[in-house]
Amino acid sequence: MKPLTLEELLQNINTLPPIPSLVIHVLELLDDKNSDTRLISDQLACDPALTASILAVCNSGYYSVRQEITSIQMAISYLGRNTIKRILITSLVSRYYQNLPKGYEAYPGQLWEHCIAVAIFAELLGEHSAQLNRDTLFTVGLLHDVGKIVLNSLLHEEYQKVLEITRQNSRPFEEVERELFGFTHGEAGAYLLEKWKMPSVFIDVARHHCSPAPSHAPEVHVVAAANTMARSMGLGTDIYIVECAPDHPLLDKISQQEGMMEDLIARFQQSFQRTSELYRNAVK
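Rules and cut-offs
Residues numbered from 1 in each chain as written. Predicted model: local features only at pLDDT ≥ 70, side-chain atom pairs only at ≥ 80, totals over all residues. Heavy atoms only, no water. Helix = DSSP H or I, 4+ residues; strand = E, 2+ residues; numbered from the N terminus. Buried < 20%, exposed > 50% of the residue type's maximum accessible area, 1.4 Å probe, protein only. Contact = heavy atoms within 4.5 Å. Areas by Shrake-Rupley, 256 points an atom, 1.4 Å probe, with all protein chains shown as cover. Salt bridge = Lys/Arg side-chain N within 4 Å of Asp/Glu carboxyl O. Arc of directions from axis to C-beta. Core = buried A, V, L, I, M, F, W, Y, C linked by side-chain atoms within 4.5 Å. Phe/Tyr/Trp six-rings, centres within 6.5 Å; stacked < 30°, edge-to-face > 60°. Lys NZ or Arg CZ within 6 Å of the ring centre and 35° of its normal. Expected span 1.5 Å × (residues − 1). Axes fitted to C-alpha atoms, helices over the stretch in contact; angles between N-to-C directions. Parallel < 35°, antiparallel > 145°, perpendicular 65-115°, else oblique. Nonpolar A, V, L, I, M, F, W, Y, C, P; charged D, E, K, R; others polar.

A few words on the overall build of the protein chain. Broken down by element type, the protein chain carries 16 helices and zero strands. Of all 284 residues assigned to the protein chain, the portion counted as buried reaches 51%. Contacts in the protein chain between residues at least 24 apart in sequence constitute 67% of all its contacts with a sequence separation of at least 6. Here the protein chain displays about 13,300 Å² of accessible surface, and carbon together with sulfur accounts for 48% of that area.

A separate point is the side chain of T184. Here T184 is to be found in the loop between α11 (173-181) and α12 (185-195). Excluding residues that lie within four positions of it along the chain, T184 makes contacts with L151, E174, E177 and R178.

Looking now at the pattern of salt bridges. Taken as a whole, this structure holds twelve salt bridges when the rule is applied. Ionic pairing is found between R38 and D36, a salt bridge with its closest N-O pair at 3.0 Å. One salt bridge in this structure joins R178 and E187, with 2.9 Å as the shortest N-O distance. Salt bridges sharing partners connect three or more residues here, namely R86, E123, E127, R134, D135 and R267.

Another aspect to go through is unusual backbone geometry. The backbone of S64 shows a phi angle near 55 degrees, a positive value even though the residue is not glycine. For K197, which is not glycine, the phi dihedral falls at a positive 60 degrees.

Moving on, we come to α11. When α11 is considered as a whole, its buried residues turn out to be F173, V176, E177, L180 and F181. Seen along its axis, α11 keeps its buried residues to an arc of 105 degrees; they face one direction. Looking at the packing, one finds that the buried side of α11 touches α9 (146-154), α10 (156-169) and α12.

What follows deals with the nonpolar core. In this structure, I87, L88, Y97 and L193 are the most contacted members of the largest nonpolar core, which totals 90 residues. No other element matches the twelve residues that helix α7 (residues 110-125) contributes to this core. Non-local contacts of L193, meaning those with residues more than four positions away in its chain, are made with L143, V146, M198, F202, I203 and A206.

Moving on, we get to the packing of aromatic side chains. In this structure the tally under the stated criterion is four aromatic pairs. Grouped by ring-pair contacts, the aromatic residues F121, F268 and F272 constitute a single cluster. The cationic tip of R86 hangs over the ring face of F138; the distance from NZ or CZ to the ring centre is 3.7 Å. Stacked on the ring of F173, the Lys or Arg K148 has its end atom at 4.1 Å from the ring centre.

Taking 1.5 Å as the rise per residue, α10 with 14 residues should run 20 Å; its terminal C-alpha atoms sit 20 Å apart, in good agreement. Turning to α10, its buried residues are Y159, V162, L163, I165 and T166. Along the axis of α10, the buried positions cluster into a sector of 165 degrees, meaning they face one direction only. Away from its buried face, by an angle of more than 90 degrees, α10 presents the exposed residues E157 and Q168. S170 sits one or two positions beyond α10 and adopts a positive phi of about 50 degrees.

Time to look at the environment of R95. With respect to the element layout, R95 can be found in helix α6 (residues 81-97). It is 9.6 Å that separates the C-alpha atoms of R95 and W112, two residues lying 17 residues apart in sequence.

With that out of the way, let us pick up the environment of L88. With respect to the secondary-structure elements, L88 resides in helix α6. Overall, L88 belongs to the buried group, its relative accessible area being 0%. C-alpha separation for the pair L88 and V23, spaced 65 residues apart in sequence, amounts to 8.3 Å. For L88, the residues in contact, after removing those within four places along its chain, are V23, V26, L27, L30, L44, L50 and I54.

Our focus in this paragraph is the packing of α9 against α10. Put simply, α9 and α10 touch, their axes get as near as 5 Å, and they point 120 degrees apart. By the criterion of interaxial angle, the relationship of α9 to α10 is oblique. When α9 is examined against α10, the residues K148, L151, N152 and L154 are found in contact with a partner set consisting of H156, Y159 and Q160. Taken together, the residues of the contact of α9 with α10 break down into three nonpolar, three polar and one charged.

Listed below in C-alpha cells is the structure:
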C-alpha cells in the first residue's frame with residue numbers, strides 16, 4: 001500500500017470512541033488537590049456504569065479495605081486520588097483493549113494481557129526509585145500500546161499484513177509499521193493521548209517506549225524495561241518473535257543483584273492473573 005502520513009490517517013480518528021468529556025473533567029479534578037471530593041463523586045455519578053466498575057474494583061479485596069466502599073467520595077478517602085485515577089483509567093480503557101476486531105490477536109485478550117503485564121512490571125520496577133509514582137507507572141504502562149488499537153481499528157486489513165510480516169520474518173512491530181505506513185503505533189498512540197488530553201508523560205511513554213533516548217523521562221525507560229520483561233515471558237502481541245533474556249540497562253542492574261530478578265518475576269506472577277481478571281470482570 002502507498003504510505004500514508006500520520007495526519008491523513010488520523011483524520012479518521014474520530015471513528016474511535018473518545019474518552020468522555022466527563023472523564024477528562026474528573027481526571028483534572030483528581031489532579032487538583034484543592035478540588036472537593038464531593039464534586040468528583042457527583043460528576044462520576046453521571047456515569048453509573050463507570051462508577052459501578054470503580055466501586056467493584058475498590059471492593060474486590062485487591063486493595064484490602066476494612067469495610068465496604070459505597071461511594072466515590074469514600075473511595076478517594078480510603079485509597080487516595082492517585083489510586084482512584086488509576087482505577088478510573090484502567091476500568092475505562094479495558095473496554096477498548098477487550099473489543100478488538102477478530103484476527104488481530106493470536107487469542108482474545110492478548111493485547112490486554114500484554115498491557116496489564118507491562119503495567120505491573122512498570123509498577124514493580126518503580127519501587128527502585130522514590131521519585132516515581134507507582135500508580136502513574138501502572139497507568140502509563142497500561143496505555144503504552146494504545147496506538148495498536150488506533151492502527152488496528154482504522155487499518156484493520158492492512159494491519160494484518162504487519163502481523164504476517166512480523167511472524168514470518170521475526171521483525172519488530174515498529175519497523176514493519178514504518179515500512180508499510182510511514183509511522184508507528186507509538187506515534188499514533190501519542191496523537192490519541194494528546195486528543196484525550198492526557199498528561200505529557202503518558203504521551204511521551206506511548207511515543208518513545210520502543211526506543212527511549214537518555215534524555216527521555218524516567219517513566220519512558222521504566223516502561224521500556226517493563227515491555228522487555230513482558231515480551232521475554234511471552235506476553236505480547238509480537239510473541240512470534242523469539243526473545244532472548246531480558247536486555248535493558250535497568251534490568252541489567254537488577255540481574256546483577258542476587259535474587260532480585262527472581263523476586264521480580266515471582267511478584268509479577270502473583271499479581272498478573274489477579275489484576276487482569278479483576279478489571280475484566282469489573283467492566284462486564
